[in-house]
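The chain contents come next:
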Amino acid sequence: MTDATATPQAAPATSLVAADARTQKRNRAERRFRAYGMAAILTGLFFLVVLVSSILYNGVGAFQQSFVNVPVYLDPAKLDKNGTGDIEEIKKVSTFGYAPLIQDGLLSEVQKSGIETPLTKSKDMKNLLSASAAAEVRDYVVANPEQIGETVEFRLLASSRVDGYLKGRVKREDVADDKNISVEQLDLTDQLRDAGIVSKGFNLSFITGADASESRPEQAGIGVSMLGSFFMMLVVLVLSLPIGVAASIYLEEFAPQNRFTDLIEVNISNLAAVPSIVFGILGLAVFIQFAHLPQSAPLVGGLVLTLMTLPTIIISTRASLKAVPPSIRDAALGVGASKMQSIFHHVLPLAMPGILTGTIIGLAQALGETAPLLLIGMVGYIASNYPDGFASGFLDPNSAMPAQIYEWAKRADPAYYERAWGGIIILLVFLLTMNAIAIILRRRFERRW
Amino acid sequence: MPVFWLVLIVGAMALIGYGLGRARALKSAGGDSRVLHSLPSFYGANVALSALVPALGLVLVWLIAQPLVINASISGDIPQSAIPESSTLSLVMSDVRRVADGLDLAVSQGVLSADAAKTLSADGTIRDTLGAVGVALGSDVTPEILSAAQTYRTMNAAGSWMLTALVLALAFGGFVFAMSRTKAEFRARNVVESGIRVLLVAAASIAILTTLGIVLSLIFNTIEFFKLYPASEFFTSLTWAPSFGGGSELGILPLLWGTLYISIIALLVAVPIGLFAAIYLSEYASPAVRGVAKPLIEILAGIPTIVYGLFALLTVGPLLLQVFGDEGLGWMQAGTAVMTAGLVMGVMLIPFVSSLSDDIINAVPQAMRDGSYGLGATKSETIRQVILPAALPGIVGAILLAASRAIGETMIVVLGAGAAARLSMNPFDAMTTVTAKIVSQLTGDADFASPEALVAFALGMTLFVITLGLNIFALYIVRKYREQYE
C-alpha cells in the first residue's frame, strides 16, 4: 500500500492558449519590426507622391498662358510714312514704332468696354503687354503689308506679371516696389478678365518655342532645346549601339581569359560608377580644349553622353547575349557555320529585344543627364534660334532639355520657376514614354528557354 | 575637300567594291558558287572592308593629329617678344586660330578674295574686316600674329589636301589589292572574319581609352595647377576663396567637409528607409504587394537628378525655411543648406540602397531561415540574428556604393546646397561641395590657364580617386560575399 497521497499536480502557471508575458513581448517586437518595414515602404511612396504632385502642381501653369485680345489700328502715318507701300520702307520701322499703336489699341478697347480705371494714358498699358507683342505685330505687318490702314484683331501675350497675377503667383501685396506692374494695373487686369479681353489659353509655344531673354519669361519655350536633346540622342544612338554591341560580342563570345580581357572588364565596371561630372571634365579637356570641337554643340554633348552610356549598354547587352542558350550556338556550328556566322545570324537576332531594351533605358538615362552638359557649355547660352538644318543641328550651339531647365531655375524672375517645372513635366513624359516602350518590348519579345 | 564628302566617297567605293568583288569571285568560279572556298558575299565584303577600314582609320588619326602638329610647329615659330606681358602662349595661339578661321570665313562669304586674304598687312583694318563677318577680336592684330595665322592657313590647306589624296589613294589601293586576290580558291571567309574580330576588339578597347582619357586629362591639368599653386596649400588650407584677379586661396578642406556632411545626412535618410524597405519587401510582403511597391520605389531611381535639384531648391528649401528659418526656430538663413541637399539626396538614394540590399537578402540561403524557425525564433528574430549578420558584408558594400553616389552627385548640390564654402557644424548653414565647385570654376569666363580654373581639375582628380576607391572596395566586398553562398 503506498501512501499515495499524491498531491494533485500544480496546474501550469500559464496556459498554452493564453500567451505568457515573454511570448507577448516577443510578439510585440515582431509586430513592431514589421511596422518599421511597412513605414519605410510608405515613407518611400510618400516621397514619390510628394515629388510627383509638386511637379504637377507647380508645372501645369506653364502650359497655360494669358493672352490679351487687342484690335490694333495699323496707322499708315506711322508705319508707311511716305505711303509708297514699299516693303523695304516698312521694314525700317522698328518695334519701338509699333509699341504705341498696340498700347493705343488696348486703351481704346478698355474705354470702349466701359471699364472705369484711373489709368487713362496709353503708356499705362505698357506693363500689361509682353515686350514681345510689338515684334509679333511687326512680323505680321511685314508679312502682310497690304493690311496697313486697317484695324486688325491680335491675340498678344500678356506680360509675365499679369500672367502671374491671373495664375495666383503674383500677389497684390507684393507689387508695391515692383516697377513692372502697379496695383491699379492689377485692378484693370481683373476688369479686363471679366470683360473677356484678357483670357488664359493653352500655351503651345511653350512646347515648340525658343528660349527668351531674362526679362520675357512669358515668351520662353523649350522647343529649341528639345531639338538639341534630339540631336544629342541621335549621336548617342548611332555611336553607342554599334560600339556597345560589338564590345559585348567580343567580351561574351570571343574574349580569351587573359589580362587584357580582365583589364577591359574592370574598366567597364568602374566607368559605370564614375560620377557623371567627371565625364564632363573629360569632354571639356579632350573634345573642346584638345580637339577644338565647337563649344555648346550637341555633337560634343552626344559624344560625352555616349561614353557615359556605353557601360550601361554593354552590361545589358552582355546579359541578353548570355541568356541565349548554348544549344543555339552548337546547332549552328553543327551545320557548318563559322563562329562569326553563328553569332551574327543566330545569337544576335535572338538577343536583339534585350539589347534594344537596354539601349532605350541607357538613352533615357542620357536624356536626363545634366552635369556633364554644364561643363561643355550648354548652359548660359540662350537657345533662341532653331537650327537651320541637319549639320547645324549637330554643330551650332544649342541647349538641351535638362540644361535649359537648370538655366531657368537659376534666373531671378520667379516666373521662370514655373517654366522650369513645366520643362520637367515634358522631360518626364519623354522618359516615361521611353521606359514604357522598353517594358513593352521586353514583355512582347522576351523568351524563356 | 570637306571630310564629310571624303567619307561619302570612300563609302561609295566600298559599296561598289562589294558588288564587283562578289561578281569577280563568281566569274572566276565559272558561275558555280560551289567551287568557291567561301560564300560569294564574303568576297564582296572583303573588298568593301579593305577599301573602307584603313581609309577611315587614317581619317580619324589625321583629324586628331593635324591640329596637334600644326599647333606645335606654329607655336615654335612665335617669338617670345610677340607674347604680351599679361598673356600666355596658349592665348596668343587661340588668337592666331581665330584670325585664321575668320579669314577663311571672310573668303567663303566673299568679303575678301582668296588673293587679298593672302596679301593682307597688319595695318589695323583686319579687325573691322573680320568684325563684318561676325568674328570678334579682343585686340588689334599684330604682324606676328598675322604671319602666324597665314602660316596656319597654308598648313591647314596643305594638310587637308594631303589628307584627301592619301585617303583616296589608300581606299583605292585597298580596293585594288583585295580585287586582285579575289579568286575561287581565296579564303575570303577567314580573312573577313579575322578583320571583323579586330573591329570587335577595337570596340571593346574604347572602355580602356575612355578611362585613359579621363585619367590623362585629369593628371595633366592637375600637374599644371600644382605648378601654379602649391599642393600642400591645396590639401591643407582651411579657406576656399577664389578671386579671379589673383591671390586666391584654394583649400580643398571646406569643400570636402561640405561633401562629407551632405553625404552623411543623405545616408542617414536613405540607409534606414532603404534597408527596412528591402527587409519588408523580401521577407514580409506578399508577391502582390512586392509587385506593386518595388517598381514604384524604383521610379525614384529613374528620375533625373535635375528634377531632384529643382525639388530641393523650390520645394524642400522653402519648406525647411518656414520651420527652421527666422520665423520659426531661427537656425536657418536661406533655403539652400546642407540639410536641404542632404534630405533630397537621401530620397534619391532610397531605391539604390533598397534594391541592392534586396538582392543581397534574397541571396541568403533559405536553409538558414528554416533552421532559425525550427528553433522557434520569430520572423523578426530570424531577420535580426540570422539574416542580417549573414548579409552584413553585402549591405555594407551597398552602403559604400550609395556613399560614392552621394559624393559624386552634382545637380542636387549645385541647386540645393548653396555656394559658400565654410567649415561649420550647423546642418542648416549653406555649404558647398567638390562637385558644385567644379561646375562653378569651369563655367565662368575664366581663362583656362589660370589656377582658378585649373583647380577644378585637381578637384575632379580628388573626386575621381575617392569614388573609385569606394567603388573598388565595395565591389570587392560584394563579390567576396556572393561567392560565400554560391
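Residues numbered from 1 in each chain as written. Chains lettered and ligands numbered in written order. Predicted model: local features only at pLDDT ≥ 70, side-chain atom pairs only at ≥ 80, totals over all residues. Heavy atoms only, no water.

### Comments concerning the overall build of chain B
Now for step 1: The helix and strand tally for chain B stands at 17 helices and two strands.
Now for step 2: At 32 Å, chain B has a C-alpha radius of gyration far larger than the 23 Å of a compact globule built from 486 residues.
Now for step 3: Here the C-alpha coordinates of chain B stretch approximately 85 × 75 × 40 Å along the principal axes.
Now for step 4: Counting every position in chain B, which comprises 486 residues, the buried fraction comes to 47%.
Now for step 5: At a minimum sequence separation of 6, the contacts of chain B that also span at least 24 residues come to 72%.
Now for step 6: Total accessible area computed for chain B in this model is approximately 22300 Å², and 67% of it derives from carbon and sulfur atoms.
Now for step 7: Distance from the positive charge centre (26 side chains) to the negative charge centre (31 side chains) of chain B: 17 Å. (Helix = DSSP H or I, 4+ residues; strand = E, 2+ residues; numbered from the N terminus. Rg over C-alpha atoms; globule rule 2.2 N^0.38 Å. Buried < 20%, exposed > 50% of the residue type's maximum accessible area, 1.4 Å probe, protein only. Contact = heavy atoms within 4.5 Å. Areas by Shrake-Rupley, 256 points an atom, 1.4 Å probe, with all protein chains shown as cover. Lys, Arg positive; Asp, Glu negative; His and termini not counted. Charge placed at Lys NZ, Arg CZ, Asp CG, Glu CD.)

### Examining a positive patch on the surface
Now for step 1: Judged by side-chain charge, Arg22, Lys25, Arg28, Arg31 and Arg32 of chain A together with Arg384 of chain B come together as a positively charged surface patch.
Now for step 2: With five residues, the single largest contributor to the positive patch is helix α1 (residues 21–59) of chain A.
Now for step 3: Along the chain, the position of arginine 31 of chain A falls in helix α1. (Patch = residues over 30% accessible without salt bridge, like charges linked within 9 Å, V, L, I, M, F, W, Y side chains within 5 Å. Salt bridge = Lys/Arg side-chain N within 4 Å of Asp/Glu carboxyl O.)

### Some words on the domain arrangement of chain B
Now for step 1: Each domain of chain B was delimited in the assignment, giving domain 1 (3–186) and domain 2 (240–485).
Now for step 2: For domain 1 of chain B and domain 2 of chain B, the distance between their C-alpha centroids amounts to 47 Å. (Domains from an automatic or database assignment.)

### As for the packing of helix α12 (residues 338–362) of chain B against helix α14 (residues 379–408) of chain B
Residue and element names in this part refer to chain B.
Now for step 1: Look at α12 against α14: their axes get within 9 Å of each other, and the N-to-C directions meet at 145°. Crossing handedness for the pair α12 and α14: right-handed. Counted together, Met345, Leu349, Phe352, Val353, Leu356, Ile360 and Ile361 of α12 and Ile387, Ala391, Gly394, Ile395, Ala398, Leu401, Ala402, Arg405 and Ala406 of α14 form the full contact between these two elements.
Now for step 2: Across the contact of α12 with α14, the residue classes tally to 14 nonpolar, one polar and one charged. (Axes fitted to C-alpha atoms, helices over the stretch in contact; angles between N-to-C directions. Left-handed = near helix turned anticlockwise from the far one by under 90°. Nonpolar A, V, L, I, M, F, W, Y, C, P; charged D, E, K, R; others polar.)

### What about the environment of phenylalanine 457 of chain B?
Now for step 1: With respect to the secondary-structure elements, phenylalanine 457 of chain B resides in helix α17 (residues 451–485).
Now for step 2: Sequence separation between phenylalanine 457 of chain B and asparagine 471 of chain B is 14 residues; the distance between their C-alpha atoms is 20 Å.

### Points about the pattern of salt bridges
Now for step 1: Tallying each qualifying case throughout the model produces 20 salt bridges over all chains.
Now for step 2: A salt bridge links arginine 411 of chain A to aspartate 211 of chain A; its shortest N-O distance comes to 2.9 Å. One end of the pair, arginine 411 of chain A, is in the loop between α17 (401–410) and α18 (415–445); the other, aspartate 211 of chain A, is in the loop between α8 (204–208) and α9 (223–254), and 200 residues separate them in sequence.
Now for step 3: Note on aspartate 211 of chain A: relative accessible area 4%, which makes it buried.
Now for step 4: Between aspartate 358 of chain B and lysine 294 of chain B there is a salt bridge, and its shortest N-O distance comes to 2.8 Å. Here aspartate 358 of chain B is found in helix α12, whereas its partner lysine 294 of chain B is found in helix α10 (residues 287–302), with 64 residues between them in sequence.

### Section: the UniProt feature "transmembrane region" (unreviewed entry) in chain A
All names here are of chain A.
Now for step 1: The positions UniProt marks with the feature "transmembrane region" (unreviewed entry) are residues 35–57, 226–251, 271–291, 297–315, 347–368 and 420–441.
Now for step 2: The distance from the first to the last C-alpha atom of residues 347–368 is 32 Å, and the span holds 100% helix and 0% strand.
Now for step 3: In residues 420–441, the share of helix is 100% and the share of strand is 0%. The end C-alpha atoms are 32 Å apart. (UniProt positions renumbered as here; feature names shortened; annotations may be inferred.)

### Overview of the interface of chain B and chain A
Often, the extent of an interface is quoted as the loss of accessible area on bringing the components together.
Now for step 1: Across the boundary between the two partners, chain B contributes 79 residues, which contact 71 residues of chain A.
Now for step 2: Buried area between chain B and chain A, both sides added, is near 6600 Å², and the carbon and sulfur share of it is 79%.
Now for step 3: Taken together, the links from chain B to chain A amount to one salt bridge.
Now for step 4: Here glutamate 381 of chain B makes a salt bridge to arginine 26 of chain A, at a shortest N to O gap of 2.8 Å.
Now for step 5: Our count for the chain B to chain A interface comes out at ten residue pairs in polar contact (both at pLDDT 80 or more).
Now for step 6: A total of 19 residues in the side of chain B that touches chain A trace back to one element, the largest contributor, which is helix α7 (residues 188–228) of chain B.
Now for step 7: By residue class, the composition of the side of chain B that touches chain A is 53 nonpolar, 19 polar and seven charged. (Buried area = accessible area lost by both parts, 1.4 Å probe. Polar contact = N/O pair within 3.5 Å; in protein donor to acceptor, adjacent residues only side chain to side chain.)

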